[in-house]
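# An overview of the molecular structure
Residue-level listing of the chains:
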Amino acid sequence: MAMVRVAGVHKSYGRGATAVHALRGVSFEVAPGELVALKGRSGSGKTTLLNLVGGLDTPDRGRVEVDGRRLAELGENELLRLRRDRIGFVFQSFGLIPILTAAENVGVPLRLRRTDPRERDERVGLLLSLVGLAPHAAQRPGELSGGQQQRVAVARALANRPALLIADEPTGQLDAETAHSVMRLLHGVVHTDSPEPRPCALVATHDPTLLDLADRVLELRDGTLVTP
Ligand code: ADP
Ligand code: MG
């Protein structure tokens, strides 16, 4: 069964003569364990599409299903729970909380779920090791490099063992070499041999490394998917 199923999705911003048709009939699926890259020039609709898949916004037409559930049919609380428990988000601007340490940032989703503190600390330690930041656990975002901050954000996104990882140009603010290491990390997360359940990932990117590593590349052009 597909983890993500998008069918005939349309989305506009505004109305009348100034309306912007950001998505014009987009359909695709992502299978469990698949790493799918989404490319397309600025303004082609990538962020709009990721927001719809992540349940952060609703389509005007068409359907979005995640983990077998149609988002439009979920109540507010069910949608919140799906987002919190099944989806991990990584943003271009990292989105870390400045006054919290790296470890505390990674622990936020576990706190929201009221995970037992001992279990939480253990999981945070494991995640920080996974992203290579165990020695930096006590540092705040301002004391970390951009690449390190994005690694913290990836660890945080994985805290609840999501079924789906959504990343919106996660290396857009990083230099090429750092971007490469973050992309390898994302790839490793999806294609790992570890006993952790592997998420699938949908990543908007221009990064040639990830486009190479991806199982599949989708391209948006003016709100429609280009068939390869
Ligand atoms: P991308 O992420 O590929 O750069 P976006 O999904 O952000 O593309 O934008 C697609 C189109 O929708 C663009 O023309 C953009 O200007 C427009 N758009 C995006 N968000 C909004 C918004 N909140 N209000 C109005 N127009 C928007
Ligand atoms: Mg965008």
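For the structure itself, consult the block above.
Residues numbered from 1 in each chain as written. Chains lettered and ligands numbered in written order. Predicted model: local features only at pLDDT ≥ 70, side-chain atom pairs only at ≥ 80, totals over all residues. Heavy atoms only, no water.

Here the focus is the overall build of the protein chain. For the protein chain, the helix and strand inventory stands at seven helices and 10 strands. Its C-alpha radius of gyration of 17 Å places the protein chain within 12% of the 17 Å reference for a compact globule of 228 residues. Here the protein chain holds 228 residues, and 47% of them are scored as buried. Taking the contacts inside the protein chain whose residues are at least 6 apart along the sequence as the reference set, 73% of them involve residues at least 24 apart. (Helix = DSSP H or I, 4+ residues; strand = E, 2+ residues; numbered from the N terminus. Rg over C-alpha atoms; globule rule 2.2 N^0.38 Å. Buried < 20%, exposed > 50% of the residue type's maximum accessible area, 1.4 Å probe, protein only. Contact = heavy atoms within 4.5 Å.)

Okay, the packing of aromatic side chains next. With the rule as written, the count across this model stands at one aromatic pair. When the centroid spacing of 5.9 Å and the interplanar angle of 0° are considered together, the rings of Phe-89 and Phe-91 count as stacked. With a relative accessible area of 17%, Phe-89 lands in the buried category. On the basis of relative accessible area, Phe-91 is assigned to the partly exposed category, the value being 35%. (Phe/Tyr/Trp six-rings, centres within 6.5 Å; stacked < 30°, edge-to-face > 60°.)

This paragraph deals with the pattern of salt bridges. In total, this model carries 11 salt bridges according to the counting rule given. Across the salt bridge formed by Arg-5 and Glu-65, the nearest N and O atoms sit 3.3 Å from each other. With Arg-5 in strand E1 (residues 4-13) and Glu-65 in strand E4 (residues 61-66), this pair connects stretches of sequence that are 60 residues apart. Look at Arg-5 and you get partly exposed, because its relative accessible area is 29%. Judged by its relative accessible area of 12%, Glu-65 falls in the buried class. The closest approach of N and O atoms between Arg-84 and Asp-85, which form a salt bridge, is 2.9 Å. (Salt bridge = Lys/Arg side-chain N within 4 Å of Asp/Glu carboxyl O.)

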